[in-house]
Amino acid sequence: SYNNAMGQFRATYLTSVANMNTLLQTNCTAARTAGIEIYGIAFAAPTGGQTQIKNCSSEPKDDYYFQPTSGDDIAAVFQQIATQIQDLRLTQ
């Protein structure tokens, strides 16, 4: 059932913040290794969250990690990201 599945998920993955951080960084590393560009936006995130988001982001961090402090800043960040990916082409 759903409740059993969620219970197993929590018991496996949500055992501690450290475990969740490790799993996040493992997945981020795998995605970057596969050639996926990761943009990170840490808006109103606590220090630990900022660190995790920044560590997950692609390099160079100045191009892929953002820490906006207001709604206007968020809009500017999304505009900057849109400009960076405007040449993106989907292929099959």
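Residues numbered from 1 in each chain as written. Predicted model: local features only at pLDDT ≥ 70, side-chain atom pairs only at ≥ 80, totals over all residues. Heavy atoms only, no water.

Asks: Would you mind showing me how to read the packing of helix α2 (residues 17-33) against helix α3 (residues 47-56) here?
Replies: Working note: a packed helix pair is described by the angle between its axes plus the distance between those axes. Between α2 and α3, the least distance of the axes is 9 Å, while the angle of their chain directions is 20°. Considering the angle they form, α2 stands roughly parallel to α3. Note that α2 runs across α3; the crossing there is right-handed. Seen from α2, the contacting residues are Asn 21, Leu 24, Gln 25, Cys 28 and Arg 32; seen from α3, they are Gln 52, Asn 55 and Cys 56. (Axes fitted to C-alpha atoms, helices over the stretch in contact; angles between N-to-C directions. Helix = DSSP H or I, 4+ residues; strand = E, 2+ residues; numbered from the N terminus. Parallel < 35°, antiparallel > 145°, perpendicular 65-115°, else oblique. Left-handed = near helix turned anticlockwise from the far one by under 90°. Contact = heavy atoms within 4.5 Å.)

Asks: I tried to follow the side chain of Ser 58 on my own but got confused; where do I start?
Replies: Mapped onto the fold, Ser 58 is located in the loop between α3 and α4 (61-64). Here Ser 58 falls in the buried class, since its relative accessible area comes to 7%. In this structure the side chain of Ser 58 is engaged in a polar contact, spanning 2.7 Å, whose partner is the backbone nitrogen of Ile 38. With residues near it in sequence (within four places) discarded, Ser 58 still touches Arg 32, Ile 36, Glu 37, Ile 38 and Tyr 64. (Buried < 20%, exposed > 50% of the residue type's maximum accessible area, 1.4 Å probe, protein only. Polar contact = N/O pair within 3.5 Å; in protein donor to acceptor, adjacent residues only side chain to side chain.)

Asks: What's the story with a nonpolar patch on the surface in this structure? I'm lost.
Replies: Judged by side-chain polarity, Phe 9, Tyr 13, Leu 14, Val 17 and Met 20 come together as a nonpolar surface patch covering roughly 440 Å² of accessible area. Elements supplying a minimum of two residues to the nonpolar patch: α1 (2-13) and α2. Looking at the element boundaries, Phe 9 is found in helix α1. (Patch = residues over 30% accessible without salt bridge, like charges linked within 9 Å, V, L, I, M, F, W, Y side chains within 5 Å. Areas by Shrake-Rupley, 256 points an atom, 1.4 Å probe, with all protein chains shown as cover. Salt bridge = Lys/Arg side-chain N within 4 Å of Asp/Glu carboxyl O.)

Asks: Can you walk me through the state of the cysteines in this structure?
Replies: Note on terminology: a disulfide is the covalent bond linking the sulfur atoms of two cysteines. In total, this model carries 1 disulfide according to the counting rule given. Here Cys 28 pairs with Cys 56 through a disulfide, and the sulfurs are 1.9 Å apart. Between Cys 28 and Cys 56 the sulfur-sulfur dihedral comes to about -90°; the bridge is accordingly left-handed. Within this pair, whereas Cys 28 is found in helix α2, its partner Cys 56 is found in helix α3, the two being separated by 28 residues in sequence. Here Cys 56 falls in the buried class, since its relative accessible area comes to 10%. (Disulfide = S-S within 2.5 Å.)

Asks: Explain the pattern of salt bridges here, please?
Replies: Pairing is possible between side chains that carry opposite charge, provided their charged atoms lie close to one another. Going through the model one piece at a time under the given rule, you end up with 1 salt bridge. The shortest N-O distance in the salt bridge between Glu 59 and Lys 61 comes to 3.6 Å. By relative accessible area, Lys 61 is classed as buried at 17%.

Asks: For this particular structure, what's the right way to read the packing of aromatic side chains?
Replies: Taken as a whole, this structure holds 1 aromatic pair when the rule is applied. Each ring, one from Tyr 39 and one from Tyr 64, has its centre 4.8 Å from the other, and the planes form 45°; the classification is tilted. Taken together, the residues Tyr 39 in the loop between α2 and β1 (40-41) and Tyr 64 in helix α4 connect sequence positions 25 residues apart. Residue Tyr 39 is classed as partly exposed on the basis of its relative accessible area of 22%. Its relative accessible area of 12% is what places Tyr 64 among the buried residues. (Phe/Tyr/Trp six-rings, centres within 6.5 Å; stacked < 30°, edge-to-face > 60°.)

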